[in-house]
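# Analysis of the macromolecular model
One-letter residues, chain by chain:
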Amino acid sequence: MAITFILIGVVGYLLIEKDPPLMTFMITEDGIRVGNELYPYENINSFWIFYEPGGKQYISLHTQAEILPYVKIPLGDMDPVIIREQLLKSLPEKKHEEGIIDILGDLF
């Protein structure tokens, strides 16, 4: 049992230290493309941009998916004002509240 806990700790440490893969993100006329995944506008209910300088900086998409309805897209160094202007052409803006999973994710 001790060996199992040690292995879980080692694997957890390796996963935390690993840099996340960079994903491309594009706003197109058909929808929003994140990596190889396309989220068509007709499947997105609304969007909200969380932006705190030096803190949270991401786009939240409320999709029609039943299991994971919210998609979070990190902004990186992109200008949130320009992104907001582009998204308003195709989607309604509606404030999204952060859930317990988002709050716990920020802590870790």
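Details of the structure are given in the entry above.
Residues numbered from 1 in each chain as written. Predicted model: local features only at pLDDT ≥ 70, side-chain atom pairs only at ≥ 80, totals over all residues. Heavy atoms only, no water.

### So, the overall build of the chain
In terms of helices and strands, the chain carries three helices and six strands. Counted from the first residue to the last, the chain has its helices and strands arranged as α-β-β-β-β-β-β-α-α. Across the 108 residues in the chain, those meeting the buried criterion constitute 23%. The long-range fraction of contacts in the chain, counting pairs at least 24 apart against all pairs at least 6 apart in sequence, stands at 42%. Seen as two clouds, the 8 positive and the 16 negative side-chain charges of the chain have centres 3 Å apart. (Helix = DSSP H or I, 4+ residues; strand = E, 2+ residues; numbered from the N terminus. Buried < 20%, exposed > 50% of the residue type's maximum accessible area, 1.4 Å probe, protein only. Contact = heavy atoms within 4.5 Å. Lys, Arg positive; Asp, Glu negative; His and termini not counted. Charge placed at Lys NZ, Arg CZ, Asp CG, Glu CD.)

### Regarding the side chain of threonine 63
The topology assignment puts threonine 63 in strand β5 (residues 57–63). From its side chain, threonine 63 meets the backbone nitrogen of alanine 65 in a polar contact 3.4 Å long. Beyond its immediate chain neighbours, meaning those up to four positions away, threonine 63 contacts Tyr39, Asn43, Ile44, Asn45, Leu68, Pro69 and Val71. (Polar contact = N/O pair within 3.5 Å; in protein donor to acceptor, adjacent residues only side chain to side chain.)

### Focus: the sheet that holds strand β3 (residues 37–40)
Ordered in space as β1-β2-β3, the three strands form an open sheet in which the pairing is antiparallel. Sheet topology places β1 (25–27) and β3 at the edges, where each strand pairs with a single neighbour. The average undirected angle you get between the axes of adjacent strands in this sheet is 15 degrees. Note that β1 and strand β2 (residues 31–34) share three bridges and pair antiparallel. Bridge assignment links isoleucine 27 to a residue of β2, and that residue is isoleucine 32. (Pairing = 2+ DSSP bridges. Axes fitted to C-alpha atoms, helices over the stretch in contact; angles between N-to-C directions.)

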